[in-house]
Amino acid sequence: MSDVLELVDVSVVREGRALVDEVSWSVKEGERWIILGPNGAGKTTLLNLASSYLFPTTGTATVLGERLGAVDVFELRPRIGMSSSALTEKLPRSQTVLQTVLTAAYGMTAGWQESYDAVDEERARAFLDRLGMSDYLDRRFGTLSEGERKRTQIARAMMTDPELLLLDEPAAGLDLGGREDLVRRLGRLARDPYAPSMIMVTHHVEEIPAGFTHVLMIRQGKVLTAGPMETEMTSANLSRCFGLPLVLERQGERWTAAGLPLG
Ligand SMILES: Nc1ncnc2c1ncn2[C@@H]1O[C@H](COP(=O)(O)OP(=O)(O)OP(=O)(O)O)[C@@H](O)[C@H]1O
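As the structure is a computational prediction, the values presented were derived from the model and not from experiment.

Draft legend 1. Quick look at the overall build of the protein. Within the protein, the regular secondary structure consists of 9 helices and 12 strands. Relative to the globule expectation of 18 Å for 263 residues, the C-alpha radius of gyration of the protein, 18 Å, shows essentially globular dimensions. Dimensions of the protein, computed from the C-alpha atoms along their principal axes, are close to 60 × 45 × 35 Å. Residues counted as buried form 37% of the 263 residues belonging to the protein. When contacts within the protein are restricted to residue pairs at least 6 apart in sequence, long-range pairs at least 24 apart make up 62% of them.

Set out below in structure tokens:
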């Protein structure tokens, strides 16, 4: 298995502060990683490295076999699918759902043309169908609910047939039903052997879909633990990560966590 992502002693320093601090981490082809950590821990910074939108201040980052700093990122980026709220804000509100997904095939956030291939349209419809968005194809993106927007964005991220799929808090802001619907769909994607390698950032263990294989926990820019879910998802690790005593429980392939009552 080859490395999809390899960080070696990577630090990202801004205003004299290390947002990520000497991080070494590798993601192999086919793995599905969760990044867990409190607010401000450096999770999005790690995703921005993985998506080649940020370069290390020190250390080396290799994405899909290409070393950042020595590769044309405009060739690398189409190989990476990304869904994040920052990206959602850049998508034109007046485009339809189908157009929003289709424009990804051409590496754009805007610019609807009439000349899209029938093959591309077929693919866009198929991804939207898998994400339960078939009834919304002609709806304007700006009129969608939070959950519908997230599902559209994931379909959009899949459109370029990426080798690496990055999901930044895909379930944030969803109600319980919306979260469970999305988590089930992501679980199905995670178990699909033809789906790309995946890295998903979350604050909540309840949002970890079935089928995810590895977890990285980060706190104040430092990696606390990184490895297989079976060995690393423990109450002790989670408590260290979030800085208070937590009890982690597993039910089948899903997780819950709660703080211990105050004594
Ligand atoms: N350009 C920047 N200059 C200075 N500080 C920054 C910059 N970008 C991010 N930070 C800081 O770096 C830290 C890590 O940010 P990051 O967004 O990676 O955290 P996060 O774990 O994703 O947080 P959250 O869960 O709140 O989204 C934060 O304290 C943030 O304020």
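Here the narrative resumes, following the displayed structure.
Draft legend 2. The arrangement of the site of the ligand in detail. In the neighbourhood of the ligand, the contacting residues comprise Arg-14, Glu-15, Leu-19, Gly-37, Asn-39, Gly-40, Ala-41, Gly-42, Lys-43, Thr-44, Thr-45 and His-203. Sorting elements by how many residues they give to the shell around the ligand places helix 1 (residues 43-50) first, with 3 residues. Its residues placed into classes, the shell around the ligand shows 2 nonpolar, 7 polar and 3 charged.

Draft legend 3. Quick peek at the pairing of strand 10 (residues 222-228). Across 6 bridges, the pairing between strand 9 (residues 214-219) and strand 10 is antiparallel. Across the sheet, Met-217 pairs through a bridge with Thr-225, a residue of strand 10. If you look at the hairpin formed by strand 9 and strand 10, you'll find 2 residues sitting between the two strands, and Gln-220 has a positive phi there, around 50°.

Draft legend 4. View of the environment of Thr-62. Locating Thr-62 in the fold gives a position in strand 4 (residues 58-63). Spatially, the C-alpha atom of Thr-62 lies 9.3 Å from that of Ser-26, the residues being 36 residues apart in sequence. Not counting residues up to four positions away in its chain, the partners in contact with Thr-62 are Asp-3, Glu-6 and Arg-67.

Draft legend 5. Local environment of the nonpolar core. In terms of nonpolar packing, the biggest core is built from 61 residues, with Ile-35, Ala-50, Val-101, Leu-166 and Ile-199 touching the most fellow members. When near neighbours in sequence (up to four residues on either side) are disregarded, Ile-35 contacts Lys-43, Leu-46, Ile-199, Val-201, Leu-216 and Ile-218. The next biggest cluster of nonpolar side chains, apart from the first, holds 5 residues, and it includes Ala-171, Val-183, Leu-186 and Leu-189.

Draft legend 6. Up close: the sheet that holds strand 4. The strand order 2-1-4-5 describes an open sheet built from 4 strands, whose pairing is antiparallel. Bordering the open sheet on either side are strand 2 (17-28) and strand 5 (66-67), each of which pairs with just one other strand. Alignment of strand 1 (residues 3-14) against strand 2, held across 8 bridges, turns out to be antiparallel. Each residue of the ladder has a partner; that of Val-13, found in strand 2, is Ala-18. Strands in contact with helix 1 are strand 1, strand 2 and strand 4; relative to strand 1, the strand with the most contacts, it is inclined by about 125°.

Draft legend 7. Layout of the environment of Arg-93. Following the sequence through the fold, Arg-93 ends up in the loop between helix 3 (85-90) and helix 4 (97-102). When sequence neighbours within four positions are dropped, the list of residues in contact with Arg-93 reads Arg-140, Phe-141 and Gly-142.

Draft legend 8. Geometry of helix 7 (residues 176-191). A rise of 1.5 Å per residue sets the reference length of helix 7, with its 16 residues, at 22 Å; its end C-alpha atoms lie 22 Å apart and thus fit the reference within 8%. By the burial criterion, the buried members of helix 7 are Leu-182, Val-183, Leu-186 and Leu-189. Taken down its axis, helix 7 places every buried residue within 120° of arc, on the same side. Turned more than 90 degrees away from the buried face of helix 7, the exposed residues are Leu-176 and Gly-177. Against the buried residues of helix 7 lie helix 6 (146-158).

Draft legend 9. Fine view of the sheet that holds strand 3 (residues 32-36). Pairing is mixed across the open sheet formed by 6 strands, whose spatial order is 6-7-8-3-9-10. Strands with a single pairing partner mark the edges of an open sheet, and in this sheet they are strand 6 (80-83) and strand 10. Taken pair by pair, the neighbouring strands of this sheet meet at an average axis angle of 15°, ignoring direction. Bridge count for strand 3 against strand 8 (residues 197-202) is 5 bridges, and the pairing is parallel. By the bridge assignment for strand 8, Trp-33 is matched with Ile-199. On the sheet, helix 9 (residues 235-242) packs against strand 3, strand 9 and strand 10 and is oriented at approximately 155° with respect to strand 10.

About the thresholds
Residues numbered from 1 in each chain as written. Predicted model: local features only at pLDDT ≥ 70, side-chain atom pairs only at ≥ 80, totals over all residues. Helix = DSSP H or I, 4+ residues; strand = E, 2+ residues; numbered from the N terminus. Rg over C-alpha atoms; globule rule 2.2 N^0.38 Å. Buried ≥ 20, exposed ≤ 12 C-beta atoms within 10 Å, placed from the backbone. Contact = placed C-beta atoms within 7 Å. Near = placed C-beta within 6 Å. Nonpolar A, V, L, I, M, F, W, Y, C, P; charged D, E, K, R; others polar. Pairing = 2+ DSSP bridges. Core = buried A, V, L, I, M, F, W, Y, C linked by C-beta atoms within 7 Å. Axes fitted to C-alpha atoms, helices over the stretch in contact; angles between N-to-C directions. Expected span 1.5 Å × (residues − 1). Arc of directions from axis to C-beta.

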